[in-house]
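Next come the chains, spelled out residue by residue.
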Amino acid sequence: MKKDQSRIIREQAPRSATREHSVPLYLTSSFIFDSAEQGRAIFAEEEEGMVYSRYANPNTSEFINRVCALENAEAGLAFASGMAAVFASFAAFIEAGDHIVSSRAIFGSTHQLLTQQFPKWGVTYSYVDTANIDEWEKAIQPNTKIVFLESPSNPGLELYDLEKLGALKKKYPNVIFSIDNCFATPYLQKPLHFGFDLSIHSATKYMDGQGRVLGGVIVGSKELINKLMFFIRHTGPAMSPFNAWVLSKSLETLGLRMDRHCSNAYALAETLEQHSEIKDVKYPFLPSHPQYELAKKQMKAGGGIVTFEVKGGKERAFQFIDELEMIRYTSNLGDSRTIATHPATTTHAKLTEEERINLGIHPGTIRLSVGLEDKEDIIGDIIQALEKTK
Ligand SMILES: *Cc1c(COP(=O)(O)O)cnc(C)c1O
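Residues numbered from 1 in each chain as written. Predicted model: local features only at pLDDT ≥ 70, side-chain atom pairs only at ≥ 80, totals over all residues. Heavy atoms only, no water.

Participant: I'm lost on the packing of aromatic side chains in this one. Help?
Facilitator: The relative placement of two aromatic rings is captured by the distance of their centres and the angle of their planes. Counted under the stated rule, the structure contains 14 aromatic pairs. Both rings, one in phenylalanine 33 and one in phenylalanine 43, keep their centres 6.2 Å apart while their planes meet at 75°; by these two values the pair is edge-to-face. Of this pair, phenylalanine 33 sits in the loop between α1 (4–10) and α2 (36–43) while phenylalanine 43 sits in helix α2, placing them 10 residues apart in sequence. For phenylalanine 43, a relative accessible area of 53% translates into the label exposed. Of the aromatic side chains, those joined through ring pairs into one cluster are Phe87, Phe90, Phe118, Trp121, Phe148 and Phe231. Taking the ring centre of tyrosine 55 as reference, the NZ or CZ of arginine 233 above it sits at 4.0 Å. The side chain of lysine 314 reaches across the aromatic face of phenylalanine 318, ending 4.9 Å from its centre. (Phe/Tyr/Trp six-rings, centres within 6.5 Å; stacked < 30°, edge-to-face > 60°. Helix = DSSP H or I, 4+ residues; strand = E, 2+ residues; numbered from the N terminus. Buried < 20%, exposed > 50% of the residue type's maximum accessible area, 1.4 Å probe, protein only. Lys NZ or Arg CZ within 6 Å of the ring centre and 35° of its normal.)

Participant: Where do I start with the sheet that holds strand β8 (residues 278–282) in this structure?
Facilitator: Think of a sheet as strands paired side by side through backbone hydrogen bonds, with each pair either parallel or antiparallel. Read across the open sheet, the 5 strands follow the order β8-β9-β12-β11-β10; overall the sheet is mixed. With partners counted over all chains shown, the strands left at the sheet margins are β8 and β10 (328–329), one partner each. With 2 bridges joining them, β10 and strand β11 (residues 339–341) adopt parallel strand pairing. For arginine 328, the partnering residue across the bridge sits in β11 and is isoleucine 339. (Pairing = 2+ DSSP bridges.)

Participant: What is the right way to read the nonpolar core from this model?
Facilitator: The nonpolar side chains of a soluble globular protein tend to be buried, and buried together. If you look at the biggest cluster of nonpolar residues, it comprises 81 residues, and the most contacted ones within it are Phe63, Trp136, Val306, Phe308, Phe320, Ile366 and Ile382. Counting residues per element, this core draws most heavily on helix α11 (residues 254–273), at 8 residues. Counting the residues that make up this core, at least three belong to each of domain 1 (4–251) and domain 2 (254–388). Setting aside residues no more than four positions away along its own chain, isoleucine 382 makes contact with Leu268, Leu272, Phe320, Leu324, Ile327 and Leu368. Counting residues in each nonpolar core, the second largest holds 33 residues, with Tyr55, Ala91, Ile94 and Leu224 among its members. (Core = buried A, V, L, I, M, F, W, Y, C linked by side-chain atoms within 4.5 Å. Domains from an automatic or database assignment. Contact = heavy atoms within 4.5 Å.)

Participant: Quick question: what am I supposed to make of the UniProt feature "transmembrane region" (unreviewed entry) in the protein here?
Facilitator: Mapped onto the present numbering, the UniProt feature "transmembrane region" (unreviewed entry) falls at residues 75–94. Counted over residues 75–94, helix gives 50% and strand 25%. Its end C-alpha atoms are 21 Å apart. (UniProt positions renumbered as here; feature names shortened; annotations may be inferred.)

Participant: Can you help me understand the site of the ligand in this one?
Facilitator: The ligand sits among Ser81, Gly82, Met83, Phe107, Glu150, Asp180, Cys182, Phe183, Ser202, Thr204, Lys205 and Gly215. Methionine 83 is positioned such that a nitrogen or oxygen atom in its backbone is 2.8 Å from an oxygen atom of the ligand. Measuring from an oxygen atom of the ligand, one finds a side-chain N or O atom of threonine 204 at 2.5 Å. Considering the ligand on its own, with 380 Å² of exposed area, one finds that the protein chains cover 90% of that surface. For the shell around the ligand, the per-class residue count stands at 4 nonpolar, 5 polar and 3 charged. (Near = heavy atom within 4 Å. Polar contact = N/O pair within 3.5 Å; in protein donor to acceptor, adjacent residues only side chain to side chain. Areas by Shrake-Rupley, 256 points an atom, 1.4 Å probe, with all protein chains shown as cover. Nonpolar A, V, L, I, M, F, W, Y, C, P; charged D, E, K, R; others polar.)

Participant: What is the right way to look at a nonpolar patch on the surface in this model?
Facilitator: The grouping of Leu25, Leu27, Phe242 and Trp245 at the surface amounts to a nonpolar patch, some 370 Å² of accessible area in total. Mapped onto the elements, leucine 25 comes out in the loop between α1 and α2. (Patch = residues over 30% accessible without salt bridge, like charges linked within 9 Å, V, L, I, M, F, W, Y side chains within 5 Å. Salt bridge = Lys/Arg side-chain N within 4 Å of Asp/Glu carboxyl O.)

Participant: What is the right way to look at unusual backbone geometry in this model?
Facilitator: Going from serine 151 to proline 152, the amide bond is cis rather than trans, its omega being -5°. Its place among the elements puts proline 152 in the loop between β4 (144–150) and α7 (162–171). In this chain, asparagine 154 is followed by proline 155 through a cis amide linkage whose omega measures -5°. Positive phi values are uncommon outside glycine, yet leucine 157 reaches one of about 55°. Mapping leucine 157 onto the fold places it in the loop between β4 and α7. One non-glycine residue, threonine 185, lies in positive phi territory at about 70°. Assignment of secondary structure puts threonine 185 in helix α8 (residues 185–188). Given a relative accessible area of 2%, threonine 185 falls into the buried group.

Participant: What's the story with the state of the cysteines in this structure? I'm lost.
Facilitator: Each disulfide consists of a covalent bond between the sulfur atoms of two cysteine residues. Across all of its chains, the model carries 0 disulfides by this definition. Between cysteine 182, a free cysteine, and cysteine 262, which holds the nearest cysteine sulfur, the sulfur-to-sulfur gap is 14 Å. A relative accessible area of 8% places cysteine 182 in the buried class. The class of cysteine 262 is buried, set by a relative accessible area of 6%. (Disulfide = S-S within 2.5 Å.)

Participant: Could you clarify how one ought to interpret the side chain of glutamate 277 in this entry?
Facilitator: Structurally, glutamate 277 is set in the loop between α11 and β8. Relative accessible area serves as the criterion here: at 14%, glutamate 277 is assigned to the buried category. For glutamate 277, the side chain forms a polar contact with the side chain of arginine 316, separated by 2.9 Å. Discounting residues that sit within four places of it in the chain, glutamate 277 has contacts with Glu309, Val310, Lys311, Arg316, Leu386 and Lys390.

Dropping the structure here:
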């Protein structure tokens, strides 16, 4: 079998009669049947074939196949956004009376689903705060349907032990173990390898990598993906063929881009750690990270996010952001352009001060999504903004 990068690039939708080299954009809502008999056979699932773009389309199928190749997954599905994927990963499986175990540090909208939406449907949840595997096991109840987590977490960059969680899955075979793998990407971290059932991504982030389109994807076993397929066929959160075409092309450079995101982020984290105006720097591949050994075990590199705390609290953090010259303040991440955000007043503003501190979010905390610019310019911009606001 070819290695990752070659498979990604060579996995391609079937060539059309035009003999194109690069895959065209299939903007068509439906596909024709050669005969009434073929229509019957495809609907009866006796014959494989495209029917309607809410179910499948050559562009979305190519995108899915590429993510499957990267994660060594049997099957996958594409969604209109990352949240459509996260929502489906729960909604397709839960029933009234079920219970969900989740890491506490999760994406804001996922937190809203667990705390606001699912309770209306009679589904309860428990949050786990720690990487301690005993605490995870304690949280599992007889009615637990799903164990969910994000690793590394946002923005605290804490990790959960995927190998130990995979072993826990073996003990609870009927519980679905799923992970939002968006921060790490399938290039840096392959949760299915550790025994997870589902790996979920907001493709909007590193998969697109250039801040253009929304998308989501879930990969896992054929059995679970078939159940999810029923859900999306009849609820309609399908990815548009245009977005799939953009995202599939982007995957060809995912590895190259991630290598550069990671080396830039590492260089920045190392520099900031030495800087007198910075209190605390978090980056999984810095030896000072409390879970450095775990990071090395389950990730290929540390990723593109660096979180740090400036001295002087919120006022200094605001001044710092306003003094940045090249780096922009916007609520995205995983872009080729470096992005700064202030989690306490944006993504995590709805939490209480105490909840924020629990997640490692202080008034002076800045989350940096390190881009693909030259590292000297990224570091230079940050240092000049720190110096100006002393
Ligand atoms: C952005 C993000 C999402 C949501 O994805 P969208 O494509 O914006 O819907 C989910 N999880 C994580 C970790 C994210 O960063």
